[in-house]
Amino acid sequence: VTFSHHAVTSIEAGSSHLWVVTDEQIKMEDCLYGIMLMSANEMCNGVAEHVAGSIDAFVDMMNERAKEIGCTGTHFANPNGLYLDNHYTTAHDMALIATEAMKNPVFRKITGTKNYTIPKTNKNDARNLYNKHNMLHPISYPYGYDYCIGGKTGYTDIARWTLVTFAKKDD
C-alpha cells in the first residue's frame, strides 16, 4: 500500500494512528495488523484507497457487504469508524459482521495476535505494535480472559468505548 497525502491527513486530530507519512509503502498484511491491533485510522484510509481506488468507493463496498450478510441497522461513512453523523451500526449488526469476519483465517490470526512488528519501510523505522484488547492482552487492566481469542476495541468521544470479543472454550 502506498499512502496518499489524503489518506494520512484526513483523519480526526488526536485519533489513533501510526505516524504513516505520504508516499510511505507498507505491506498489506502489516497494514491489517496496524488496523486491528492499534486502530490506525490512516491505515484504514490507505487500505481503502488501495483496494477500491478511493475511500468513498471502499465505503460503498462496505455498505454493500453489510447488506449481503443481513445487516439492517448499519451505514458506513468511512473505513475507520471515526464519528460521522451518517456512520452507525447496531449491536446485532456488529455480531453479524464479527461472525462473518471470523470465517476468514487471516482475520482470526491477526485479531488473536498480542504483539507484532511492522518492519522498517521506505519512510519510517520499524513499529512495535500491541493488541489494545485487554481481555486478550491485559497490559494495564486486570481484565484478561483465558478463553479470549480476539476481538476489536474502539473509542470515539461520541460512542465512547466499543468492543466486539471472540472467545472459545473447548468446542
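Structural data are supplied above this passage.
Each value, and the rule that gives it
- Residues numbered from 1 in each chain as written.
- Predicted model: local features only at pLDDT ≥ 70, side-chain atom pairs only at ≥ 80, totals over all residues.
- Heavy atoms only, no water.
- Helix = DSSP H or I, 4+ residues; strand = E, 2+ residues; numbered from the N terminus.
- Contact = heavy atoms within 4.5 Å.
- Salt bridge = Lys/Arg side-chain N within 4 Å of Asp/Glu carboxyl O.
- Core = buried A, V, L, I, M, F, W, Y, C linked by side-chain atoms within 4.5 Å.
- Buried < 20%, exposed > 50% of the residue type's maximum accessible area, 1.4 Å probe, protein only.
- Pairing = 2+ DSSP bridges.

1. Quick look at the environment of Cys148
Within the secondary structure, Cys148 sits in strand 3 (residues 148–156). Linking Cys148 and Met135, residues 13 residues apart in sequence, is a C-alpha distance of 6.3 Å. Not counting the four nearest positions on each side in its chain, Cys148 is found in contact with His133, Met135, Leu136, Thr165, Phe166 and Ala167.

2. What about the pattern of salt bridges?
Oppositely charged side chains can pair when the atoms bearing their charge come close. Scanning the model with the defined rule gives five salt bridges in all. In this structure, the salt-bridge partner of Glu68 is Arg65, at a minimum N-O distance of 3.0 Å. Placement of both Glu68 and Arg65 in helix 4 (residues 55–68) is noted, with a separation of three residues, approximately one turn of the helix. Here Glu100 and Arg65 are joined by a salt bridge, their closest N and O atoms 2.6 Å apart. Here Glu100, found in helix 5 (residues 91–101), pairs with Arg65, found in helix 4; they are 35 residues apart in sequence, far enough to count as distant. Overlapping salt bridges bring together Arg65, Glu68, Glu100 and Lys103 as one network.

3. What to know about the nonpolar core
Residues Phe3, Leu37, Met43 and Leu129 are the most contacted members of the largest nonpolar core, which totals 26 residues. The set of elements that each furnish at least two residues to this core consists of helix 1 (5–9), helix 2 (28–38), helix 3 (41–52), helix 6 (105–111), strand 1 (115–118) and strand 4 (160–167). Among the elements that take part in this core, helix 2 stands out by supplying six residues, more than any other. Excluding residues within four positions of it along the chain, Leu129 makes contact with Leu18, Tyr33, Gly34, Leu37, Met38, Lys114, Asn115, Tyr116 and Ile118. By size, the runner-up hydrophobic cluster in this structure holds nine residues, among which are Phe58, Val59, Met62 and Ile69.

4. A look at the pairing of strand 2 (residues 127–130)
Only one face of strand 2 is buried: it carries Arg127 and Leu129, and the other face, with Asn128 and Tyr130, is open. With four bridges connecting them, strand 1 and strand 2 associate as antiparallel partners. Opposite Tyr116, over in strand 2, you have Leu129 as the bridge partner.

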